[in-house]
Every structure is written in C-alpha cells, then in structure tokens.
Amino acid sequence: MTVQSSEKSSRRARRSSTMGGMPMTDMPWWRWRLNVRSGLHMLSDAAFQQNVWLAGLPGYGDVTDAVYRLVEDTWLDNWSADKYVGTIFRDAHEAALVDAAVLKVLRILHEVGPDAAVPVYLQHPGWPEAVHAARQAHVALAAADGDDPDVPPRTLDALTSLKRAA
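Note that the structure is predicted; figures quoted are calculated from it, not measured.

Reading guide: rules and limits
Residues numbered from 1 in each chain as written. Predicted model: local features only at pLDDT ≥ 70, side-chain atom pairs only at ≥ 80, totals over all residues. Heavy atoms only, no water. Helix = DSSP H or I, 4+ residues; strand = E, 2+ residues; numbered from the N terminus. Buried < 20%, exposed > 50% of the residue type's maximum accessible area, 1.4 Å probe, protein only. Contact = heavy atoms within 4.5 Å. Areas by Shrake-Rupley, 256 points an atom, 1.4 Å probe, with all protein chains shown as cover. Expected span 1.5 Å × (residues − 1). Salt bridge = Lys/Arg side-chain N within 4 Å of Asp/Glu carboxyl O. Axes fitted to C-alpha atoms, helices over the stretch in contact; angles between N-to-C directions. Parallel < 35°, antiparallel > 145°, perpendicular 65-115°, else oblique. Left-handed = near helix turned anticlockwise from the far one by under 90°. Nonpolar A, V, L, I, M, F, W, Y, C, P; charged D, E, K, R; others polar.

### Description of the overall build of the protein chain
Thinking step 1. The secondary structure content of the protein chain amounts to 8 helices and 2 strands.
Thinking step 2. Each helix and strand of the protein chain, placed in order from N terminus to C terminus, yields the pattern α-β-β-α-α-α-α-α-α-α.
Thinking step 3. Looking at the protein chain as a whole, 43% of its 166 residues are labelled buried.
Thinking step 4. Long-range contacts, defined as pairs at least 24 residues apart, comprise 63% of the intrachain contacts of the protein chain with a sequence gap of at least 6.
Thinking step 5. For the protein chain, the exposed area adds up to about 8600 Å²; of that, 54% sits on carbon and sulfur atoms.

What follows is the structure, given as structure tokens:
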C-alpha cells in the first residue's frame, strides 16, 4: 500500500506542468504564489471590488481575506518579498512590485482597521494608489505565469480546488 503524504504535495505537483495556467515546475512554493496572486488579483481589480465586494456577493471573501492571502504564509507584513526570490517570486522586480502593493494596502488596513466595512476601504484616499500598485504586481506575476491578468478573480472554492488538485 502506498501512502501519499500531503507534506510532499509540492514535490508531487511537478508531474503536472501547469495549475490553472500557472507553471508549477519552476516555482517550488507555487501554493504560496497562488495565494499571493489571488490576493493581488482581487485588490487590483476596481470593477471586481464594486461588483463583488461592495455588492456583498459570496464566495470571494472580503478585503481582509485578500490581504490575509498576501501575508498568511509569507509574512510579507514583516519582511521583504526579496526573501522569496526563487521560491515564490521569480526575480527582484516581481518582489519589489509585491512589496510596494503590500505596503500600500497594509497602510490602509492599519488606518481603518481589519474589520472595516468594504466602503471604508474603497473610499480611503489612498485606495486608488493601492489598487494601482496591486495591479502592477498582479500583471507582472500573471504575465510571468503565462496567464491573462484581465480574467476575473477566482472564487475561494476554486482557489482551494487548484491547491488540492496536485
């Protein structure tokens, strides 16, 4: 009988060349990258924020959930993305774009609080700049992964399914 450990799931993922379009063979911590990309994607899409977050549609989480995906495993709220070049990020350029986005979003999160209502974030004077920074990072990571940066963000269930599929 063969038992497959979930702890080695990153190694098993190398059998497949892509996961939802994202190449998995070149980034050892692709699940973390998937989370970071998901958070950036939602934070970078003003239309999504209006049509989903502001409308209260289920399945995507909220602003705090998106920020959490950026920092939950990576600790990007405590140190630079440069630490992850070669594991989550391909190069220093990607890392710098992610750092800029994280800092702008966290500054707003700290000012308004993690439990603020969606309109409070979206009406913050710094929000357009944070969205722009997240968009720059999202586009860079999506392009490097061979994905279209303009497709709508995935639901949280779809994100979970992608992480389990490998």
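### Some remarks on the side chain of Ser38
Thinking step 1. Its place among the elements puts Ser38 in helix H2 (residues 30-44).
Thinking step 2. A relative accessible area of 10% means that Ser38 is categorised as buried.
Thinking step 3. Not counting the four nearest positions on each side in its chain, Ser38 is found in contact with Arg69 and Leu159.

### Digging into H2
Thinking step 1. The end-to-end C-alpha distance of H2 is 20 Å, a good match for the 21 Å that 15 residues give at a rise of 1.5 Å each.
Thinking step 2. Counting buried residues along H2, 14 of its 15 residues qualify, which places the element largely inside the surrounding structure.

### Here's the deal with the pattern of salt bridges
Thinking step 1. Summed over the entire model, instances satisfying the criterion amount to 7 salt bridges.
Thinking step 2. Asp145 serves as the salt-bridge partner of Arg33, at 3.0 Å between the closest nitrogen and oxygen. Here Arg33, found in helix H2, pairs with Asp145, found in the loop between helix H7 (127-144) and helix H8 (156-165); they are 112 residues apart in sequence, far enough to count as distant. Of the two residues, Arg33 and Asp145, both sit in the buried class.
Thinking step 3. One salt bridge connects Arg135 with Asp150, and the closest N-O pair in it is separated by 2.5 Å. Here Arg135, found in helix H7, pairs with Asp150, found in the loop between H7 and H8; they are 15 residues apart in sequence, far enough to count as distant.
Thinking step 4. On the basis of relative accessibility, which here comes to 28%, the residue Arg135 falls in the partly exposed class.
Thinking step 5. Taken together, the shared-partner salt bridges connect Arg33, Arg37, Arg90, Glu94, Asp145 and Asp147 into one network.

### Thoughts on the environment of Ala137
Thinking step 1. Inspection of the secondary structure assignment puts Ala137 in helix H7.
Thinking step 2. You can call Ala137 buried: its relative accessible area is 0%.
Thinking step 3. Aside from chain neighbours lying at most four places away, what touches Ala137 is Leu40, Leu97, Val98 and Ala101.

### Observations regarding the packing of H2 against H8
Thinking step 1. Two elements in contact, H2 and H8, have axes whose closest approach is 10 Å; the angle formed by their N-to-C orientations is 165°. By the angle between their directions, the pair H2 and H8 is classed as roughly antiparallel. In this structure, H2 crosses over H8, and the sense of that crossing is right-handed. Counting all contacts with H2, which are made through Trp30, Arg31, Leu34, Asn35, Ser38 and Met42, the residues of H8 involved are Leu156, Leu159, Leu162 and Lys163.
Thinking step 2. Split into classes, the residues belonging to the contact of H2 with H8 amount to 6 nonpolar, 2 polar and 2 charged.

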